[in-house]
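Working through the structure, step by step
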Amino acid sequence: MIPLDRYPKEITLRDDARAVLRPMRSEDADGLWNFLRQLPEIDKSHFHEDVDRREVVERWATSLDYDAVLPILAIHGERVVGSATLFRNKTGWKQRIGIVRILISPDHRHLGLGTAMIREIRHLGEKVGLNYLLAEVIEEQQAAVRALERMGFEKAVVHRNFVNDRKGDLHNLVVLLHPMSGLVK
Amino acid sequence: MNCPNCGVEHYPAPGGGRTAPAKGGACPYKGTAYAGLRAGHDQIYFGRWRGMDANSIDLRRAYHQLERLLREIAVALEKEDVPAARLDLGKAFDALRAAGPGEEGPEVLRHLDHALSYAHRVIGDLLHEKGLAPHSPADFAGWFDAAEVPFREDW
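This text gives an overview of the structure that appears in the document. Per-chain numbering applies: the sequence of each chain, read as written, is numbered from 1 onward. By the order in which they are written, chains take letters starting at A while ligands take numbers starting at 1. Local features are withheld for residues below a pLDDT of 70 in this predicted model, meaning they are given only at 70 or higher, and side-chain atom pairs are given and counted only at 80 or more; totals for whole chains, interfaces and linings count all residues. Remark: hydrogens and water are excluded; side-chain values derive from all non-hydrogen atoms of the structure.

1. Some words on the overall build of chain A
When you go through chain A residue by residue, the secondary structure sums to 6 helices and 8 strands. Ordered by position from the N terminus, the helices and strands of chain A form the series β-β-α-α-α-β-β-β-α-β-α-β-β-α. For 185 residues, the compact-globule estimate of 2.2 N^0.38 gives 16 Å, and the C-alpha radius of gyration of chain A, at 16 Å, lies within 12% of that figure. Counting only C-alpha atoms, chain A reaches 40 × 40 × 35 Å along its principal axes. Per-residue burial over chain A gives 50% buried out of 185 residues. The criterion used for residue contact is that any of the two residues' heavy atoms lie within 4.5 Å. Of the contacts formed within chain A by residues at least 6 apart in sequence, a portion of 61% connects residues at least 24 apart. Under the convention used here, a 1.4 Å probe and the Shrake-Rupley method define accessible areas, while residue burial counts only the protein chains that appear. Accessible area of chain A: about 8900 Å², with a carbon and sulfur share of 50%. Elements are defined by DSSP. Helices are runs of H or I of four residues or more, strands are runs of E of two residues or more, and each kind is numbered from the N terminus. As a reference, a globule follows 2.2 Å times the number of residues to the power 0.38, and the radius of gyration itself is taken over C-alpha atoms. Three exposure classes are used, based on accessible area relative to the maximum for each residue type with a 1.4 Å probe and protein chains only: buried under 20%, partly exposed in between, and exposed over 50%.

2. What about the interface of chain A and chain B?
For interface size, the figure often reported is the accessible area lost on association. Contacts between the two partners involve 37 residues from chain A, matched on the other side by 23 residues from chain B. A simple way to read buried area is as the amount of 1.4 Å-probe accessible surface that goes missing from two parts once joined, with both sides added. Buried area between chain A and chain B, both sides added, is near 2500 Å², and the carbon and sulfur share of it is 51%. The three residues of chain A that bury the most area against chain B are Arg-14, Arg-119 and Arg-150 of chain A, which together make up 28% of that side's buried surface. For this document, the term salt bridge refers to a Lys or Arg side-chain nitrogen within 4 Å of an Asp or Glu carboxyl oxygen. Across the chain A-chain B interface, the total number found is 6 salt bridges.

3. With respect to the side chain of Thr-85 of chain A
All names here are of chain A. Of note, Thr-85 is situated in strand β4 (residues 79-87). Its relative accessible area of 7% is what places Thr-85 among the buried residues. Thr-85 has contacts with Val-69, Leu-70, Pro-71, Ile-99, Val-100, Arg-101 and Ile-121, leaving out every residue within four places of it along the chain.

4. Let's talk about the sheet that holds strand β3 (residues 69-76) of chain A
Residues and elements named next belong to chain A. The pairing criterion for strands is at least two bridges between them, as found by DSSP. Read across the open sheet, the 8 strands follow the order β1-β2-β3-β4-β5-β6-β8-β7; overall the sheet is mixed. Each having just a single partner strand, β1 (9-12) and β7 (154-164) make up the two edges of the open sheet. On average, adjacent strands in this sheet sit at an angle of 25° to one another, irrespective of strand direction. Note: strand β2 (residues 18-23) against β3, 4 bridges, orientation antiparallel. Paired with Val-20 across the two strands is Ile-75, which belongs to β3. Taken strand by strand, helix α1 (residues 29-37) contacts β3, β4 and β5 (97-104), and its axis lies near 95° from that of β4. Running at roughly 35° to β4, helix α4 (residues 113-127) makes contact with β1, β2, β3, β4, β5, β6 (132-138) and β8 (170-179) of the sheet. Axes here mean lines fitted to C-alpha atoms, for a helix over just the part in contact, with angles spanning 0 to 180 degrees between N-to-C directions.

5. Considerations on the packing of aromatic side chains
Residue and element names in this part refer to chain B. Side-chain rings of Phe, Tyr and Trp, where Trp is taken by its six-membered ring, are said to pair if the distance between their centres is within 6.5 Å; with planes under 30 degrees apart they count as stacked, over 60 as edge-to-face, and otherwise as tilted. Applying the stated criterion to the full structure yields 5 aromatic pairs over all chains. Here the aromatic residues Tyr-29, Tyr-45, Phe-46, Phe-140 and Phe-144 are joined through ring pairs into a cluster of three or more. Directly above the aromatic system of Tyr-45 lies the positively charged group of Arg-50, at a separation of 4.7 Å from the ring centroid. We call a charge positioned over a ring when the NZ of a Lys or the CZ of an Arg lies within 6 Å of the ring centre and within 35 degrees of the ring normal.

6. A few points about the pattern of salt bridges
Residue and element names in this part refer to chain B. Enumeration over the complete set of coordinates arrives at 32 salt bridges over all chains. Linking Asp-58 and Arg-48 is a salt bridge whose minimum nitrogen-to-oxygen distance equals 3.3 Å. One end of the pair, Asp-58, is in helix α3 (residues 56-78); the other, Arg-48, is in the loop between α2 (35-45) and α3, with 10 residues separating them in the sequence. Residue Arg-48 is classed as partly exposed on the basis of its relative accessible area of 48%. The salt bridge involving Asp-58 is made with Arg-61; its shortest N-O contact spans 3.4 Å. Residue Asp-58 and its partner Arg-61 are located together in helix α3, separated by 3 residues, close to a single helical turn. Residue classification places Asp-58 among the buried residues on the basis of a relative accessible area of 5%.

7. Details of the environment of Ala-29 of chain A
Within the secondary structure layout, Ala-29 of chain A lies in helix α1. With relative accessibility at 13%, the residue Ala-29 of chain A sits in the buried group.

8. Re the pairing of β5 of chain A
Residue and element names in this part refer to chain A. Burial runs high along β5: 6 of the 8 residues are buried. Sheet analysis places β4 next to β5, joined by 6 bridges and oriented antiparallel. Paired with Thr-85 across the bridge in β5 is Arg-101. For β5 and β6, the ladder comprises 4 bridges, and the chain directions are parallel. By the bridge assignment for β6, Val-100 is matched with Ala-135.

9. Observations concerning the nonpolar core
Core analysis: the biggest nonpolar cluster contains 43 residues, and Tyr-29, Leu-37, Ile-73 and Leu-112 of chain B have the highest contact counts within it. Of all the elements in the fold, those that place two or more residues in this core are α2, α3, α4 (83-99) and α5 (106-129) of chain B. When neighbours within four sequence positions are excluded, Tyr-29 of chain B is seen to be in contact with Asn-5, Cys-6, His-10, Ala-35, Arg-38, Ala-39, Asp-42, His-135, Phe-140 and Phe-144 of chain B. In terms of nonpolar packing, the next biggest core, distinct from the first, is built from 38 residues, Leu-70, Ile-72, Met-151 and Phe-153 of chain A among them. What makes a nonpolar core is a set of buried Ala, Val, Leu, Ile, Met, Phe, Trp, Tyr and Cys residues whose side-chain atoms join them at distances within 4.5 Å.

Laid out in structure tokens, this is it:
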């Protein structure tokens, strides 16, 4: 079981605003859907499903399984302004690799929220004994790439013209890895 | 003269005309969490060793300041359950050891720079655990003899 006793956790952003981090709950469907709808297209392009469809988000909210997919939401006031999700395989050869996806509301960028979310995922990854965190980012998302690198992720590979956005345009995909302390020991 | 609050030599803040060490009471770190760690970090961050005209004495001073900072971070970290920060602190000590106390050259600069970056990350982890915003040296640049801030960005 993943330890969640640190939540809800209050954090301070660079503009002194406070946000609360906590795992997503079933009643967050509306908040998450509103959050996803206002993201730029490029941020939505790596979802496996059409997140503009409300039923997709509702299904996520009603089928939460934190040991497989742990979405940590950042709440400012009543609004969801960020999400950091840790995906894990319960068995198999990738069970010690956590896949990370972090999304930040456009009006809450450059306030340190993304970095705070990365810190949370690093902490959770350590607590469940992962060997690596893996993040995949479209190369245009340079702020995210730099933030991940500053937090210890290393560029493993850049796949040229590898992924397409929802219009069909191709983009370079940056794969970043973060070795965890269990591996380093 | 060093600041009686944080031990670091400050300069007048821009336009403020205040000089913390000489007159006291105006330390920019006063009241902040982990004030000593922040001040110790920034003293190195804005130190002469990073300048084009740095000499071997500047490098040696930076090495010893970093060594002291990392030890102080280790003490602060003992009370916290932050495994990622422990990992980074270990890397910081590794980088410091790679730099060596009396060495010179671009490799030494690189190792010292890495050690300082790891230290900054650990301080950020400590602050995050307390729900505080990360430490930004740029916020304190005016209190050091800093010609420029290397970068300031966040996500």
